[in-house]
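For reference, the chains in residue letters:
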Amino acid sequence: RAALLTEIRKTTGTVPSGKRKPGRKAKRSADEPSTYEITLKLLEDGLSVDAIAKERGLVRGTIESHLARAVESGQVSIFKFMTEKTVTLIASAIKEMPEEFTSKELFASLKGKYGYGELRAVMNHQKLRKASQALQEKD
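Throughout what follows, the structure given in this document is the object of discussion. Position numbers for residues start from 1 in each chain and track the written sequence from start to end. Given that the model is predicted, a residue must reach a pLDDT of at least 70 before its local features are reported, and side-chain atom pairs must reach 80 or more before they are shown or counted; all residues, however, enter totals for whole chains, interfaces and linings. Values shown for side chains rest on all heavy atoms present in the structure; no hydrogens or waters enter the calculation.

Salt bridge, as used here: a side-chain nitrogen of Lys or Arg that lies within 4 Å of a carboxyl oxygen of Asp or Glu. Tallied over the entire structure, the rule returns five salt bridges. Between R60 and D50 there is a salt bridge, with its nearest N and O atoms 2.6 Å apart. Taken together, the positions of R60 in helix α4 (residues 60–73) and D50 in helix α3 (residues 49–56) put the pair 10 residues apart, joining distant regions of the chain. Throughout, exposure labels follow a simple rule: accessible area from a 1.4 Å probe, protein chains only, divided by the maximum for the residue type, with under 20% read as buried, over 50% as exposed, and the rest as partly exposed. The exposure class assigned to R60 is partly exposed, which follows from its relative accessible area of 32%. Relative accessible area serves as the criterion here: at 46%, D50 is assigned to the partly exposed category. The shortest N-O distance in the salt bridge between K127 and E72 comes to 3.0 Å. With a gap of 55 residues between them, K127 in helix α7 (residues 116–138) and E72 in helix α4 connect regions that are remote in the sequence. We classify K127 as partly exposed; its relative accessible area is 47%. For E72, a relative accessible area of 40% puts it in the partly exposed group. Among the charged side chains, a network of salt bridges with common partners joins D50, R60, E64 and E118. Strands here are runs of E lasting at least two residues and helices are runs of H or I lasting at least four, both read from the DSSP assignment and numbered beginning at the N terminus.

Now for the packing of helix α5 (residues 84–95) against α7. Interaxial angles span 0 to 180 degrees and are taken between N-to-C directions of axes, which are lines fitted to C-alpha atoms, for helices over the stretch in contact. Their axes nearest at 10 Å, the elements α5 and α7 cross at an angle of 75°. With respect to their mutual orientation, α5 and α7 come out roughly perpendicular. In this structure, α5 contributes V87, I90, A91 and I94 to the contact, and α7 contributes E118, L119, V122, M123, H125 and Q126. For the contact of α5 with α7, the per-class residue count stands at seven nonpolar, two polar and one charged. Each angle gets one of four labels, with under 35 degrees taken as roughly parallel, over 145 as roughly antiparallel, 65 to 115 as roughly perpendicular, and the rest as oblique. The contact criterion used throughout is that any non-hydrogen atoms of two residues lie within 4.5 Å. For this classification, the nonpolar set comprises Ala, Val, Leu, Ile, Met, Phe, Trp, Tyr, Cys and Pro, the charged set comprises Asp, Glu, Lys and Arg, and every other residue, Gly included, is treated as polar.

As structure tokens, then:
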């Protein structure tokens with residue numbers, strides 16, 4: 001069993017509790033995918049946000065923040081992990097916000113109904129759309 005456990009730890013990159021200094025992340029080799037890349041791969045494989053979180057042993061907010069980053073970079077469509085209705089509701093709330101606002105203020109205006117990752121994903125989606133529209137208008 002010990003050999004099997006060691007092999008599992010090597011494969012998953014986990015370290016038994018007490019072996020790692022608190023607050024320090026385990027280093028990964030250059031050829032290992034980042035946690036962000038692993039999340040994107042699982043999304044490509046068809047897993048939901050909750051399923052990815054469960055599979056990876058992470059909280060939903062972490063997965064949402066990975067996906068918000070992917071939306072911002074244009075790697076992933078927001079509609080791969082959020083419904084059009086949710087995106088529209090959050091986008092409508094954004095329109096009601098003052099020019100300069102924080103995700104914390106948006107979170108409060110929506111009474112905590114959506115997580116910060118979801119809010120940032122929609123904010124990034126809108127930023128990307130505006131940039132795309134500005135480019136089209138230049139041409």
